[in-house]
Amino acid sequence: MPLAALRSVAKGQNGVGAFVLQCKRLDFHYCDWAGSSKGMNSFLKHTLPSFAKKHPQIEIRVSPRPSKHPVIKASYINGREKAICVRNMEKEEILQKAELLRDASGEKLKRTLNKPVKSLNESIRGVWSPFHGARYQI
């Protein structure tokens, strides 16, 4: 009896075996002078060092942008980038935005509002027919 080889090769899936974080770099842009960067400057001094220690797999870059609003840019392993403007935000809100970018996959957002719901099960109420219910006579 001859041996048959495997016909398909297992595909790698994120989360099976080892988890690979999709975000590879976070860029923090700020202005020393502008008032809209006050929260970002506070975040960079107090919160960013602990955030960077918790996530050593993410490259973190900090760069000044004079006369511009503060921005966080994320680069992902699929080559896409996302940016969030954090003007006039407190350091806690900026941390939430940084975590949002860290946890994102980098894929484009997909609209799901206009697609109908598909199901293998019939409706709980059943199929409607004009012959169901009370009979009305005119």
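Residues numbered from 1 in each chain as written. Predicted model: local features only at pLDDT ≥ 70, side-chain atom pairs only at ≥ 80, totals over all residues. Heavy atoms only, no water.

### Digging into the environment of Asp 27
- Turning to its location among the elements, Asp 27 is positioned in strand 1 (residues 23-30).
- Separated by 47 residues in the primary sequence, Asp 27 and Ala 74 place their C-alpha atoms 6.3 Å from one another.
- Sequence-distant contacts of Asp 27, that is, excluding residues within four places in its chain, are made with Arg 61, Val 71, Ile 72 and Lys 73.
- Side-chain polar atoms of Asp 27 contact the side chain of Arg 61, separated by 3.5 Å. (Helix = DSSP H or I, 4+ residues; strand = E, 2+ residues; numbered from the N terminus. Contact = heavy atoms within 4.5 Å. Polar contact = N/O pair within 3.5 Å; in protein donor to acceptor, adjacent residues only side chain to side chain.)

### Considering the pairing of strand 3 (residues 71-76)
- Taken across its six residues, strand 3 has five buried, putting it largely inside the fold.
- Where strand 3 meets strand 4 (residues 81-85), five bridges bridge the pair, whose relative direction is antiparallel. Bridging across to strand 4, Ala 74 finds its partner in Lys 82.
- Linking strand 3 to strand 4, which pair antiparallel, is a turn of four residues; within it Gly 79 sits at a positive phi near 95 degrees. (Buried < 20%, exposed > 50% of the residue type's maximum accessible area, 1.4 Å probe, protein only. Pairing = 2+ DSSP bridges.)

### Regarding the environment of Glu 93
- Turning to its location among the elements, Glu 93 is positioned in helix 2 (residues 91-103).
- Overall, the relative accessible area of 37% leaves Glu 93 in the partly exposed class.
- Distance in space between the C-alpha atoms of Glu 93 and Met 40 is 9.8 Å, their sequence separation being 53 residues.

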